[in-house]
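# Residue-level structural notes
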Amino acid sequence: MLRVATLSTLFPNREQPNFGVFVEGQTLRLAACEDVELRVVNPVAMPLFPLNLLDRYRQLRDLPEEEAWKGVPVSRPRLRVLPGLSGPFNPSLLVQAARPVLQRWREEGFAFDVIDAQFFYPDGPAAAQLAAEFGVPYSIKARGADIHYWGRVPGCRPQILRAAAQAKGMLAVAQSLRRDMVAMGMDPARIAVHYTGVDLERFRPHDRAAAKAKLGIQGPLIISLGALIPRKGHDIVIRALREIEGATLMVAGEGPEETRLAALARKMGLEERVRLLGGVPHKELPALLSAADVMALASESEGLANAWIEAMACGTPVVTPEVDGAAEAVDRPAAGRLLRERTPAAFAAAIRAILAEPPPPEAVRASAERFAWERNTQQLRQHLTALVR
């Protein structure tokens, strides 16, 4: 029996059902293995009074500290943070939040064999300290921003490198991210590529015309999927829309850029053709993606975006900059277009080309079939088992 303590600062809860849904997918499937017992520590970031009265934190205050989330035991201790200030100290704060939980689990008889940290920061440095205290090995998974952003922050980079040096094994969501980790000074012999997974039963092609009709859409439909933050570049896709006659753009996601994006659409006279959908439940994404002619994501950086894989699984081609793991996902002409220029003009040209000659949905889906969850689960179980042995 492999006993796994999963440490993740991103994991869904009743108030944020899409928060780290990709971590949930991986974790639930590993927990379902007959020879695996798994529990999750998901510290919930909560500042001290009076900042905890802000709207974005108020909804989290009443989350249960212990619950069975879809059959998996999840502990949600409060992580005391100072928004915008405590970044370099967050691993230490994370240790303070998680240590009592892990100690209690040991006393209850859950003698975990390994700590599986889901992000390199702040989860990785915290896992390093906790693993040393409890005498177990640990693994850290790199997903993108935890390397590309936090790896550049002076107070955080040394902690990331120390955690990497002490980890018995590491994972990266793409070959490109693995190369970036090696360039930082991490040991390539201990880094394996662990691609994301996709539910190929739920995310699959449907009749596009019928799917559009349900959404009340006529003409071409473009989807931009991701958090409303500058790095995702939704504004670039909105600007590109002006050069795509008759098309509608749906933006699925929530975040601080919502007001600015809505104002941009009005300024450009596109308010009738741009729909900001807000946060869309993950279970509703297959219907949206199947209706779209193109999924356009203008990210400045990504590890390997789940949005790319889920769109292709629905038979929807992808247009995205040639960043990070994009070439590993969009690996054939039918799957979409990789752009060397992250500009509205480049997006508009690529989208128009796909609309003029749309690839067969089955040919697009072929690129996603490599990312079945079964492969993801088998590789993760083997990786953690090897660390314990």
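Residues numbered from 1 in each chain as written. Predicted model: local features only at pLDDT ≥ 70, side-chain atom pairs only at ≥ 80, totals over all residues. Heavy atoms only, no water.

## Quick notes on the packing of aromatic side chains
- Under the counting rule described, the total for this entry stands at seven aromatic pairs.
- Look at W105 and F110: their rings are 5.7 Å apart centre to centre, the planes differ by 80 degrees, and that puts the pair in the edge-to-face class. An identical accessibility class is assigned to W105 and F110; each is buried.
- A cation over an aromatic ring shows up here: R76 above the ring of W69, its NZ or CZ 5.4 Å from the ring centre.
- The ring of F119 carries the charged tip of R143 above its face, separated from the ring centre by 5.3 Å. (Phe/Tyr/Trp six-rings, centres within 6.5 Å; stacked < 30°, edge-to-face > 60°. Buried < 20%, exposed > 50% of the residue type's maximum accessible area, 1.4 Å probe, protein only. Lys NZ or Arg CZ within 6 Å of the ring centre and 35° of its normal.)

## Re the sheet that holds strand β7 (residues 114-117)
- Pairing in this open sheet of eight strands is mixed, and the strands run β4-β5-β2-β1-β7-β8-β9-β10 from one edge to the other. The two strands at the open ends of the sheet, each matched to only one other strand, are β4 (66-69) and β10 (191-193). Between one strand axis and the next, the sheet turns by 25 degrees as a mean value, whatever way the strands run.
- Pairing geometry for strand β1 (residues 2-7) and β7, over four bridges, is parallel. Its bridge partner lying in β7, T6 is registered against D116.
- Together, β1, β7 and β8 (138-142) form the strand contacts of helix α4 (residues 123-134), whose direction differs from that of β7 by roughly 170 degrees. (Pairing = 2+ DSSP bridges. Helix = DSSP H or I, 4+ residues; strand = E, 2+ residues; numbered from the N terminus. Axes fitted to C-alpha atoms, helices over the stretch in contact; angles between N-to-C directions. Contact = heavy atoms within 4.5 Å.)

## Concerning the sheet that holds strand β13 (residues 274-278)
- Strand order in this open sheet of six strands is β13-β12-β11-β14-β15-β16, and the pairing throughout is parallel. The open sheet has two edge strands, β13 and β16 (336-339), and neither has a second partner. Sheet twist, expressed as the average angle between the axes of neighbouring strands with direction ignored, equals 20 degrees.
- With two bridges connecting them, strand β14 (residues 294-296) and strand β15 (residues 318-321) associate as parallel partners. Its bridge partner being in β15, M295 is matched across the sheet by V318.

## Observations concerning helix α8 (residues 208-215)
- All buried positions along α8 are accounted for by R208, A211 and K212. What you see down the axis of α8 is that its buried residues fit within an arc of 100 degrees, all on one side. In α8, the exposed positions angled more than 90 degrees off the buried face are occupied by A209, A213 and K214.
- Where α8 is buried, its residues contact β11 (221-225) and α11 (285-291). (Arc of directions from axis to C-beta.)

## Observations regarding the UniProt feature "domain: Glycosyl transferase family" (unreviewed entry) in the protein
- Using the residue numbers shown here, the UniProt feature "domain: Glycosyl transferase family" (unreviewed entry) corresponds to residues 211-368.
- The span residues 211-368 carries 38% helix and 16% strand; its end-to-end C-alpha distance comes to 21 Å. (UniProt positions renumbered as here; feature names shortened; annotations may be inferred.)

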